[in-house]
Every structure is written in structure tokens, then in C-alpha cells.
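A structural walkthrough
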Amino acid sequence: MFSLRRTSQRAGSARPEDEKLPPHLLTLYGLQHILTMYAGVVTPPLIIGGAIGLTTAELGILVSAALLVSGLATVLQTLGVWRFGAQLPVVIGISFVPVSAMTAIAEESGLAVVFGAAMASGVFGLLLIPFMAGLRRFFPPVVTGSVITVIGLSLLPVAAGWITEGADGGPPPLGDLGLAAATLVIVLVLARVLPGAASKLAVLGGLILGTVIAGIAGRVDFSEVGEGPVFSFGQPFYFGLPEFHIAAIVTMCIVMVVILAEGIADILAVGEIVGTEVDSRRLANGLRADVSAAVFGPVLNSFPGSTFSQNVGLIALTRIKSRYVVAVGGLILITLGLFPILGRIVATIPMPVLGGAGLVLFGSVAAAGVRTLAKVDFDNNLNLVIVAVALGFGVIPIAAPEFYEAFPEWLAMIMHSGIVGGFVAALVLNVLFNVLGRASSDGTGAGAPPDGSPGLAEEDTPRG
């Protein structure tokens, strides 16, 4: 029986994300991260591959590649190599943002064109990163708090969708609601009664016990676990060498701007929750790790990646801030990619069980945003307006998914993400009200903004 007492080893660093934990806790916490985001990693390749009529074996290649590339990018993000990786507990998975664009390209021209456009967009992203990371100085708490809250609100419908997946457009089956409710209750009870560090495993315990309950009820299907290979490294360029078509490249470059915007929001959110400094250089390093999946992913038959907001909620809920936990999670993803049978075992977790745990996780992200907004001064300024408009733009795609369909395609693609909409609204309004507005009111632009963030000439400071 092992001890669950957390030990901290600060090897010459006071950064909370550098905390070292015992191997068994690294493994358990890392597994907890992966179980919360596994479905999100495998869904994009299944959607794209299914749309173009790939065989089961070919779908398996795409899924294994997605897991492998996500794991490699996550390890790069958490540990860092040269200018790649923010060294934060950030998980990178296959992005949902370009799914519709890649599906359309694949249906018209094939996967080789998709992979070529993805690689080109990755190079474009690397060139764009210094500019976008330079925006870091425009992110005081009124902006970061708004964005974190929008991230949480945008994720809650995902949890609800997992619970109602079997509804087929009608009311969700009582069995699915029961599984989700049971999982939610288990997570809450374990978080309350387990002592010390063991309480941080409440989500993992909820997923395991929820799956056991589903198995007893006959809701777990193991029939496909034995189908397919046990080990597979994959074959580079299995679907052919990348092809570079201008129209596809332009489309994916627009998508890459959205991926980078979401990456900024997620990395800053993690930095805020962890309580560590994320300056422009560190932000740029994190974005390069994001974009790396688009550059090397197509070589291994995978698609562009991005930071996964799902895992931000787990950090907010458990307060486990160590980047080494997520690095171990990345190693687990790599193992799942190399041993597809393990991925098929993880895939047996019923979606309502994931949804029940997701309600806690994703709600924790929104709560972390509210906590950040509590630091903001709302007196005698327009900060309340900034938050209100940012939340409004963030909720529009949730409340009215077809709201932007009449807009130009490139704009609709960008604004369809509530996270990006809220991000842009908060950023622009903060510049107008707290940067330009301050400059015009005092004639110099000097001094601190109303919410206490540094002026444009000052260095970035910790937001924790």
C-alpha cells in the first residue's frame, strides 16, 4: 500500500509547475489527465476518415497517429526543447477547429492535400508566433479572467453532449442520465472524503467506478477490444506524400490563426490557475509546441494539434500544478498510440460517464475565471463592459450555433469558436478602454490601467 502524501522537490526553482511528485502519483495523475481528453483526441480523425469512407484499418491508423502525435507534442510542451514548449502542465491534442475545413478538403482532393495544407499552415504559424506572442502585454486580469470564464462556458455543452450522445435528437435516455449522475456523485463524494493527495484522484475514481457501474448494467462493450493489432508503429506518409494546393493552404492558414488564438487563451489560463509567470517569450515557446503538431504530424498521418481546454479544468479542480504529471500523461498517449489495444480499452468508457465527470471539470474552468475576475477593479471604469461583451461573444456560438453562417466563410470559421470570439472582444475592448482611452485621458498613456495590470512599457509580471 503506497502513501499518498505529496512530496515537493524544488530543484533550484520556486515555480509551482516544477514540483516533483513520486512516480506512482505522476502515473495516476497523468492517467487522470488522459482519460478526460482521450475522446477529444480520437474524434477528429474518426470524423474526417469516416467522411471520406476510409476502411476500419485505415481509421485505426489515423487514430493511432493522433494519439502518438498528441503525446509527442505534449511531452515537448511540458518539458521544452530550445524555443519549443512553455514548460507548463498543458496537454496538446488533435484540434477540433479545422475539422470541417479538413473534411471538405479531403472529400474534394484527398488526405494528401490535407496533410500538405496542414504542414504549410504550420510553417505559417511559426512565422506568425512572434507577433501574436507580442500581444501578451495586452492581457491584464480583466482580459484573462473573461477568457478563462468563456473557456469554461464553452466546454460545458461538450459535457452535456457526452451525456446525451445516445438521445438521437430526443430526450436523453434515463440510463444515460443515471450513469452521468452516478459518476458526478462519485467524484463529489471522493473529493470530499478521501484524505490529502488521494482526493486529487476523485475524477479518476469517478471514471473507473462509473465504468464499473455501467459494466454491471450491461452498458460497456468489450467486443471491439480484441479487433486490430496489439502493437503498431505506423508507416510515415501512409496516405501518400503531401500535396500542396494553394486554396487548401490559404484555408488552413486562416484556421491556424484561430488555433493560435485559442492557444494563447489556454496557455494564459493555465498560467493564471497555476500561479506562474507567462511572459511573451514563454507564450511564444508554448505556441511553437502547439504548431509543431501541424508541422511533423502529417509525416505520421496526423492532423494539426492545439492545447486542450478540457485539462485546464482538471488543474483548477485538483490543484495539481506539476508539469511532470502532464509529461507522464504525454508518455501514456504515446504508449496508447504504439499499442492500439490499450486505446480500445480506454474507449470502452461510456460517454455519459465522461459527461458526468466533465460537468465538474469544465465548471471548474469557469469558476477559475470568476476567481480571476475578482481581482479586477470595476469602479469608475469600463471593465464591466469588457467582461459583459466578452462573455456575450463567447456564448453566442453556444446559444445559436448558426449565428455566423451568413457571414463570409473565413470570418464565420473564426467566430464560430466562442473562445476566439470572447478572446478578440476582450482584447480589443481592453485596448480601446484601458490603453488608448487612458492615453487620451492623461495625454501620456503612463500609469497603471484601472484593473491594476502593468502599462505597455512595463515588463510582464506574474498573474497569480
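Residues numbered from 1 in each chain as written. Predicted model: local features only at pLDDT ≥ 70, side-chain atom pairs only at ≥ 80, totals over all residues. Heavy atoms only, no water.

Under an unreviewed UniProt entry, the chain has the name Purine permease and belongs to Haloechinothrix aidingensis. Annotation of the chain in UniProt includes, under Subcellular location (unreviewed entry), the sentence "Cell membrane". (UniProt positions renumbered as here; feature names shortened; annotations may be inferred.)

All right, on to the overall build of the chain then. Within the chain, the secondary structure is distributed over 16 helices and two strands. Here the C-alpha atoms of the chain give a radius of gyration of 22 Å, agreeing with the 23 Å that 2.2 N^0.38 yields for 464 residues. Considering only C-alpha atoms, the chain reaches an extent of 70 × 55 × 50 Å along its principal axes. Each of the 464 residues in the chain was classed as buried or not, and the buried ones make up 56%. Counted over contacts in the chain with a minimum sequence separation of 6, partners at least 24 positions apart contribute 82%. Accessible surface computed for the chain: about 18600 Å², of which carbon and sulfur atoms make up 67%. (Helix = DSSP H or I, 4+ residues; strand = E, 2+ residues; numbered from the N terminus. Rg over C-alpha atoms; globule rule 2.2 N^0.38 Å. Buried < 20%, exposed > 50% of the residue type's maximum accessible area, 1.4 Å probe, protein only. Contact = heavy atoms within 4.5 Å. Areas by Shrake-Rupley, 256 points an atom, 1.4 Å probe, with all protein chains shown as cover.)

With that settled, the discussion passes to the packing of helix H10 (residues 310–318) against helix H13 (residues 351–373). Contact geometry of H10 with H13 gives a least axis separation of 7 Å together with a crossing angle of 75 degrees. When the interaxial angle is binned, H10 and H13 end up roughly perpendicular. Counted together, Gln310, Val312, Gly313, Leu314, Ala316 and Leu317 of H10 and Val360, Leu361, Phe362, Ser364, Val365 and Ala368 of H13 form the full contact between these two elements. (Axes fitted to C-alpha atoms, helices over the stretch in contact; angles between N-to-C directions. Parallel < 35°, antiparallel > 145°, perpendicular 65-115°, else oblique.)

Over its 15 residues, helix H7 (residues 202–216) runs 21 Å from end to end, which matches the ideal 21 Å to within 8%, given 1.5 Å per residue. Those residues of H7 not exposed but buried are Ala202, Val203, Leu204, Gly205, Gly206, Leu207, Gly210, Thr211 and Ala214. (Expected span 1.5 Å × (residues − 1).)

Bringing the packing of aromatic side chains into the picture now. Taken as a whole and judged by the stated rule, the model has eight aromatic pairs. For the pair Trp162 and Phe362, a centre-to-centre distance of 5.9 Å together with 55 degrees between the ring planes defines the contact as tilted. Of this pair, Trp162 sits in helix H5 (residues 141–163) while Phe362 sits in helix H13, and the two are 200 residues apart along the sequence. Both residues of the pair, Trp162 and Phe362, belong to the buried class. Among the aromatic residues, ring-to-ring pairing joins Phe115, Tyr238, Phe239 and Phe303 into one connected group. (Phe/Tyr/Trp six-rings, centres within 6.5 Å; stacked < 30°, edge-to-face > 60°.)

This part is about the pattern of salt bridges. Proximity of charged atoms lets side chains of opposite charge pair with each other. One pass over the full model with this rule turns up six salt bridges. Its salt-bridge partner being Arg15, residue Asp18 comes within 2.8 Å of it at the nearest N-O pair. Here Glu272 makes a salt bridge to Lys375, at a shortest N to O gap of 2.8 Å. Taken together, the residues Glu272 in helix H8 (residues 246–274) and Lys375 in the loop between H13 and helix H14 (383–399) connect sequence positions 103 residues apart. Look at the salt bridges and you will find they share partners, linking Arg15, Glu17, Asp18, Arg282 and Arg323 into a network. (Salt bridge = Lys/Arg side-chain N within 4 Å of Asp/Glu carboxyl O.)

With respect to the helices and strands, Asn434 occurs in helix H16 (residues 418–442). Asn434 gets classed as buried once you look at its relative accessible area, which sits at 2%. A polar side-chain atom of Asn434 sits 2.9 Å from a polar atom in the side chain of Asn383. (Polar contact = N/O pair within 3.5 Å; in protein donor to acceptor, adjacent residues only side chain to side chain.)

As a further point, take the environment of Trp162. The exposure class assigned to Trp162 is buried, which follows from its relative accessible area of 11%. Sequence separation between Trp162 and Met351 is 189 residues, and the spatial gap between their C-alpha atoms is 5.1 Å. When sequence neighbours within four positions are dropped, the list of residues in contact with Trp162 reads Thr36, Met351, Pro352, Leu354, Gly355 and Phe362.

Take unusual backbone geometry next. The backbone phi angle of Trp82 is positive, close to 55 degrees, even though this residue is not glycine. Relative to the helices and strands, Trp82 resides in the loop between helix H2 (56–79) and strand E1 (92–94). The exposed category is assigned to Trp82, whose relative accessible area is 74%. For Asn301, which is not glycine, the phi dihedral falls at a positive 70 degrees.

On to H10. Within H10, eight of the nine residues are buried, leaving the element largely enclosed by the surrounding structure. Among the residues of H10, those classed as buried are Gln310, Asn311, Val312, Gly313, Leu314, Ile315, Ala316 and Thr318. Looking at the buried side of H10, the elements it contacts are helix H1 (23–51), H5, H7, H8 and H13. A positive phi of about 65 degrees marks Arg319, the residue just after H10.

To continue, consider the side chain of Thr103. Position of Thr103 relative to the elements: it lies in helix H3 (residues 99–109). The exposure class assigned to Thr103 is buried, which follows from its relative accessible area of 12%.

Regions with low pLDDT carry predicted coordinates that are not meant to be interpreted in detail. Here the chain shows a mean pLDDT of 88. Residues at 70 or above account for 92%. Note that residues 1–12 has pLDDT below 50 and, in this model, 26 contacts with residues that lie over four places away or in other chains. Note on residues 443–464: pLDDT under 50 across the span, and 49 contacts to partners over four residues away in sequence or across chains. (pLDDT = per-residue confidence, 0-100.)

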